[in-house]
Amino acid sequence: MADLPISKEAIENIFGPHLKHEPPGGWNSTIQEPDSKVKTHCCFCGQGCGIILKTKDNAVIGFDPWEAFPFNKGKLCPKGVKRYMQGSHPDRLMNPLENQPGKGYGVISWDEAYTKIVDAIRRIQQEYGRDAFAMLSGVSLTNEKSYMIGKFARVALQTANLDYNGRLCMVSAGAGNKKAFGIDRAANSWADILETDLILCTGTNVSECSPITTDYIWKARDTRGAKLIVVDPRMTPIARTADLYLPVRPGTDVYLFNTILSLMIQAGDIDSVFIEQHTTNFDEVKAAVAKYNPQDCERVTGVPAVNIIKAAEWWGKAKRSFLLHARGIEHHTKGVDNVLSCINIVLASGRIGRVGCGYATITGQGNGQGGREQGHKCDQLPGNRDISNPEHRKYIANVWGIDEKDLPGKGLSAQEIVNEIHAGKIKGLISICFNPLVSLPDSQFTEEALKKLDFYVAIDFFMNETARYANIILPGSLHEEDEGTATTAEGRVVRIQAAVSPPGEAKIDWHIIKEIAKRLGKEKFFNYQKSEDIFNEMRLASHGGTADYYGISYEMIEKNMGVFWPCPEIGHPGTPRLFEGGKFYHPDGKAHFNAVEYRLSADLINEEYPIYLTTGRVVFHFLSGTQTRRIGFLTDQCPEPYVEIHPRLAAKHAIEEGDLVKITSRRGSIELKAKVVKTIRPDTIFVPYHWPDGKSINRLTQRALDPISKIPEFKMSAVNIQKVYF
Ligand code: SF4
């Protein structure tokens, strides 16, 4: 086959200069013609961008833009552009490994590994009870795997203690959505952003964390003159393009949104007809927010009163509006309250369920939406059913062919599982695509817990930092090595296609789970031959739940390039926009206002710890960095964490650009280089969280949880800083 020339200009024509990438071999080099081109989706964030992977000799060698895919139309961020490179990394796990005392990790056979795992599960459960063996999973996994893991934990392990890393991501939004709307999904597809007049982004660094959403926001501005309000302690790239920027103090979001609602009510800028016909509980919320005023709000939030008033006027009087939020308001001990305070201003405006009128949380992880629907949360069964609801339990027990009495009840959340491991009550753990040592707060505590485990088996494709503590590591599959479905931030169910097969002795994740289930004597419950078999069972299990996939088939997804759930019947077209006609998903058919009061964060600033620390992502890395820290281009762009400090705060501590700064919280200290920037509040510092060990900012964050969602308070810790002198 002839080699194809590729020029820098050709790449820039497709991606624009800001997304340029260097092809294998450098600019103006040649690339090999692929054996195949596979239409699939990016493995990283919840945007789920379409991408065409090019393969040769069972390796992914590059990509083409999938311009027909409606969400991103060929556009990708730097992570998507370089995602194809990880599969060839020499760290790729290819054999089962056992940590042998005194010798370190050695290769063992699959049969030996399975035998030791099953023996350990049986021994621990016989001695300490079934719940003493826990499972932690990831939401980068497909819907099929998420569903199967939920079933595996309840039917094969028979443990209540299963949870997932979405617990560190989207659960506050999910809980808030269910309380307000009776369903947990973005209210609209992103197409409605293009049709709106006012966009409010709060706690979302869209340009770095969900870059393709930036394109929607800017298009709405360019084509309709839409205005943009951004609420964030940092003047993120999207905030620099905003018409109104509100630099809120970390942890004070409820105060701001309650004040905005109070001002809207006073000005009569609410939709009384919509409130009367389609909602409940407005009077309680109205009474609760009456005492919030712009002057007190300025004192608490640090946002100038004049701009709070302006935001309330713009939101109150808009004809069409769209509110977007993400982890910035969700990663708090009051994350659910923050979400509800946002939803209250949406419901009061009545602008939801119509063209250009909507609301969404921007899901973080690749399958953050689907992964929180199909039953691998500690309190959930497939279809977003409640594991404590007798009717829901009965339905799922029937689908699974088990006695409802044998279905475990509500278990512990991810952080609570680690707390119980630390307390010596949970003795065994199986994890899959979850790196809690980097992801969870207070990482020294997590490390202590991992050392206490009697037996730990980790399934992953790279040796992540947590897996270093495992007795046995099983080589699972990369995103491009298996097929299935995922559900994007919009609620669009998309097809993940296998581009290559797992290398060496690595196996497809669900094949590993199936074999362990078989050896635990539960083979008949996991008799799947292909991913589609799991999907078809999942459709049935989801039927009648709010996250209803019953009418969706692989064929339908491929034909339409995605289907929006709910899709409750065969022949149903799917539901891109929820709540049309004011129909909500609570039994009364209405949306529910929820009164929330401002309360303090768990970790208070004082004289010793006078500075707010907030954490987040950078565009070049993803979550715990297991994948992106192994992609050279991304690591070159951002090789290590840093601390963003405002010039006034830096001057107070004699800190200059590039100086080493010691940051100390009530949990510990780390030392990072200073980045002195004007784009952050002077009372706040920011550190990205993608690195392990001595560079992990989660050595400083705290284990305090939201009482409803059980999300840790990553976004607000009290710290002090000192320049490090040599
Ligand atoms: Fe798209 Fe997200 Fe992948 Fe970037 S990381 S290409 S925005 S899916």
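Calculation criteria
Residues numbered from 1 in each chain as written. Predicted model: local features only at pLDDT ≥ 70, side-chain atom pairs only at ≥ 80, totals over all residues. Heavy atoms only, no water. Helix = DSSP H or I, 4+ residues; strand = E, 2+ residues; numbered from the N terminus. Buried < 20%, exposed > 50% of the residue type's maximum accessible area, 1.4 Å probe, protein only. Contact = heavy atoms within 4.5 Å. Areas by Shrake-Rupley, 256 points an atom, 1.4 Å probe, with all protein chains shown as cover. Lys, Arg positive; Asp, Glu negative; His and termini not counted. Charge placed at Lys NZ, Arg CZ, Asp CG, Glu CD. Salt bridge = Lys/Arg side-chain N within 4 Å of Asp/Glu carboxyl O. Near = heavy atom within 4 Å. Nonpolar A, V, L, I, M, F, W, Y, C, P; charged D, E, K, R; others polar. pLDDT = per-residue confidence, 0-100. Pairing = 2+ DSSP bridges. Phe/Tyr/Trp six-rings, centres within 6.5 Å; stacked < 30°, edge-to-face > 60°.

Caption draft 1: Up close: the overall build of the protein chain. Helix and strand counts for the protein chain stand at 23 helices and 30 strands. Referenced to the eigenvectors of the C-alpha coordinate spread, the extents of the protein chain come out at roughly 70 × 65 × 60 Å. Counting across all 726 residues of the protein chain, residues that qualify as buried make up 64%. Put simply, 73% of the contacts in the protein chain that link residues at least 6 apart link residues at least 24 apart. As displayed, the protein chain has an accessible area near 25,200 Å², and 50% of this comes from carbon and sulfur atoms. In the protein chain, which carries 87 positive and 86 negative side-chain charges, the distance between the mean positions of the two groups comes to 2 Å.

Caption draft 2: Molecular detail of the pattern of salt bridges. By the definition in use, this model includes 47 salt bridges. Across the salt bridge formed by K530 and D533, the nearest N and O atoms sit 3.0 Å from each other. According to the relative accessible area criterion, K530 is partly exposed, its value standing at 40%. Among the charged side chains, a salt-bridge network with shared partners connects E195, D197, R224 and R320.

Caption draft 3: Highlighting the site of the ligand. What surrounds the ligand is the set C42, F44, C45, Q47, G48, C49, L76, C77, K79, G80, P211 and I212. Breaking the shell around the ligand down by element, the ones donating at least two residues are α2 (78-82) and α7 (211-224). Its residues assigned to classes, the shell around the ligand comprises eight nonpolar, three polar and one charged.

Caption draft 4: Region of the structure containing the confidence of the model for the protein chain. In the predicted model, the protein chain carries a mean pLDDT of 94, and the fraction of residues at 70 or more is 96%. Under a pLDDT of 50 for its full length, residues 1-30 has, in the predicted model, 50 contacts with residues more than four places off or in other chains.

Caption draft 5: Highlighting the sheet that holds strand β21 (residues 484-487). As summarised here, the arrangement of the three strands in space is β21-β22-β23, forming an open sheet in which the pairing is antiparallel. Bordering the open sheet on either side are β21 and β23 (563-564), each of which pairs with just one other strand. As paired strands, strand β22 (residues 492-496) and β23 are joined by two bridges and run antiparallel to one another. Counted as the bridge partner of V493 is V563 from β23.

Caption draft 6: Structural context of the packing of aromatic side chains. Taken as a whole and assessed by the stated rule, the structure comprises 20 aromatic pairs. With 5.4 Å between their ring centres and 80° between their planes, F461 and F462 make a pair best called edge-to-face. You can call F461 buried: its relative accessible area is 7%. The exposure class of F462 is buried, given its relative accessible area of 0%.

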